[in-house]
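Understanding the architecture of this molecule
For reference, the chains in residue letters:
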Amino acid sequence: MEKTVFDNIDPDMLERIRAMRLFDDELMSLVFSGNIEVTQLLIRILLNRNDLTVTKSMTQIQKTNLFGKSVKLDIVAEDIFKTEYNIEIQRAGSGAGARRIRYHQAMLDSHTLNKGGKFKDLPNLFIIFMLEEDLFGKGNPVYRVKKTLDIKDEYGNYLPFDDDCNIMYVNGEYRGDNPLGKLMHDFSTANADEMYFKELADKMRFFKQDEEGVQMASKIVEEYGDIRAAEALKQGIQQGIQQGIQQKAEEDAMKMLIEGDSPEKVSRCIDLPLEKVLELKKRSQ
């Protein structure tokens, strides 16, 4: 009997694929990349708008900054009115701070406006962070960022500061009996048979049960593993360099202290905090 991909694939890899959910980067990238139908479903539910028509959908888009940090965006989409959407899907809330969103907006805007373009030509933008946990712990399905001026109208409401950048956090723990609650359920399950939305369930089955889909899934899981290993190695090297610099500075400080230099002078010359130098001085006595 002819062997299939299920016979040849590493059992650990197959188990990893079968355990993946849409909150996992690998499966999310496969399901939404270039798939306008499921991306449109996602955005319609998140914004509660059935009239929205998506025209473009891409995943893991690298926005390069020649002068600083580049970013990789999970889902980037566009609708018929040229409104742009950046949807970040995360298991942890630690990387969803306000400054990261600020940087995402800056990178998206800088890559949108051509040289010589006018600021009024910047498109409407939605930056949406879908988090597996309730980041703010208040039980809200969605948390929207509202920008206002410190000026009130005649009714006592603060006037809006409208830059057409809409920022939202979505609570992945929400399970209300509505489309958003069902969507969060679907993102959290590894079983296609448990999913509410057929479009998502069909893609899940393809990448977990179809031979071609499983091959595609195994390839991206391997690629993500290589990327994470490379990032861990880079981080380890950087930490090692920093530790080496710190150790050399402390050794130089100890030499100066032994030679009779004051802690204040050592702190200035070696660029170590005075508290650290005083600690070293105690050790040298």
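This structure is a prediction, so every number in the text was calculated from the model and none was measured. (Residues numbered from 1 in each chain as written. Predicted model: local features only at pLDDT ≥ 70, side-chain atom pairs only at ≥ 80, totals over all residues. Heavy atoms only, no water.)

Notes on the pattern of salt bridges
Our working rule: One speaks of a salt bridge when a side-chain nitrogen belonging to Lys or Arg is within 4 Å of a carboxyl oxygen belonging to Asp or Glu. Comment: elements are numbered from the N terminus, with helices defined as DSSP H or I runs of at least four residues and strands as E runs of at least two. Only protein chains enter the calculation, and the probe is 1.4 Å; a residue is then buried if its accessible area is under 20% of its type maximum, exposed if over 50%, and partly exposed in between.
In the structure shown here, the tally under the stated rule is 14 salt bridges. Measuring nitrogen to oxygen at the nearest pair gives 3.0 Å for the salt bridge that ties Asp-24 to Arg-91. With a gap of 67 residues between them, Asp-24 in the loop between α2 (11-19) and α3 (25-32) and Arg-91 in the loop between β3 (84-90) and α5 (98-112) connect regions that are remote in the sequence. Look at Asp-24 and you get buried, because its relative accessible area is 6%. Between Lys-147 and Asp-163 there is a salt bridge, with the nearest N and O atoms lying 2.8 Å from each other. Of this pair, Lys-147 sits in the loop between β5 (142-144) and β6 (148-152) while Asp-163 sits in the loop between β7 (158-160) and β8 (165-171), placing them 16 residues apart in sequence. With relative accessibility at 24%, the residue Lys-147 sits in the partly exposed group. Salt bridges linked by common partners bring Arg-21, Asp-24, Arg-91 and Glu-132 together as one network.

What about a nonpolar patch on the surface?
The following threshold applies: Residues forming no salt bridge and having over 30% relative accessible area are the ones grouped into patches, like charges within 9 Å of each other and nonpolar side chains (Val, Leu, Ile, Met, Phe, Trp, Tyr) within 5 Å. Calculation of accessible area relied on Shrake-Rupley with a 1.4 Å probe; when residues are assessed, cover is drawn exclusively from the protein chains displayed.
Side chains of Leu-149, Ile-151 and Phe-161 sit close together on the surface and give an oily, nonpolar patch of about 260 Å² of accessible area. Here Ile-151 shows up in strand β6.

Here we look at the pairing of β6
Our working rule: What makes two strands pair is DSSP finding at least two bridges between them.
Examined bridge by bridge, β6 and β7 share two bridges and lie antiparallel to one another. Looking at β7, one finds that Lys-152 is bridged to Tyr-158. Between β6 and β7, which follow one another and run antiparallel, lie five residues, and Gly-156 among them has a positive phi close to 85°.

Section: the packing of helix α4 (residues 36-47) against helix α7 (residues 198-209)
Applicable threshold: The convention used is that axes are lines fitted to C-alpha atoms, helices contributing only their stretch in contact, and that angles between N-to-C directions extend from 0 to 180 degrees. When an angle is under 35 degrees it counts as roughly parallel; over 145 it counts as roughly antiparallel; between 65 and 115 it counts as roughly perpendicular; any other value is oblique. Helix crossings get a hand from a simple test, with the near helix turned counterclockwise from the far one by less than a right angle marking a left-handed crossing and a clockwise turn marking a right-handed one. In this analysis, two residues are considered to be in contact whenever any of their non-hydrogen atoms come within 4.5 Å of each other. Residues are grouped as follows: Ala, Val, Leu, Ile, Met, Phe, Trp, Tyr, Cys and Pro are nonpolar; Asp, Glu, Lys and Arg are charged; all remaining types, including Gly, are polar.
Where α4 meets α7, the closest approach of the two axes is 10 Å, and the angle between their N-to-C directions is 135°. Here α4 lies oblique to α7, going by the angle between them. The element α4 and its partner α7 pack so that their crossing is left-handed. On α7, the residues that touch Glu-37, Val-38 and Leu-41 of α4 are Glu-199, Leu-200 and Lys-203. Residue composition of the contact of α4 with α7, by class: three nonpolar, no polar and three charged.

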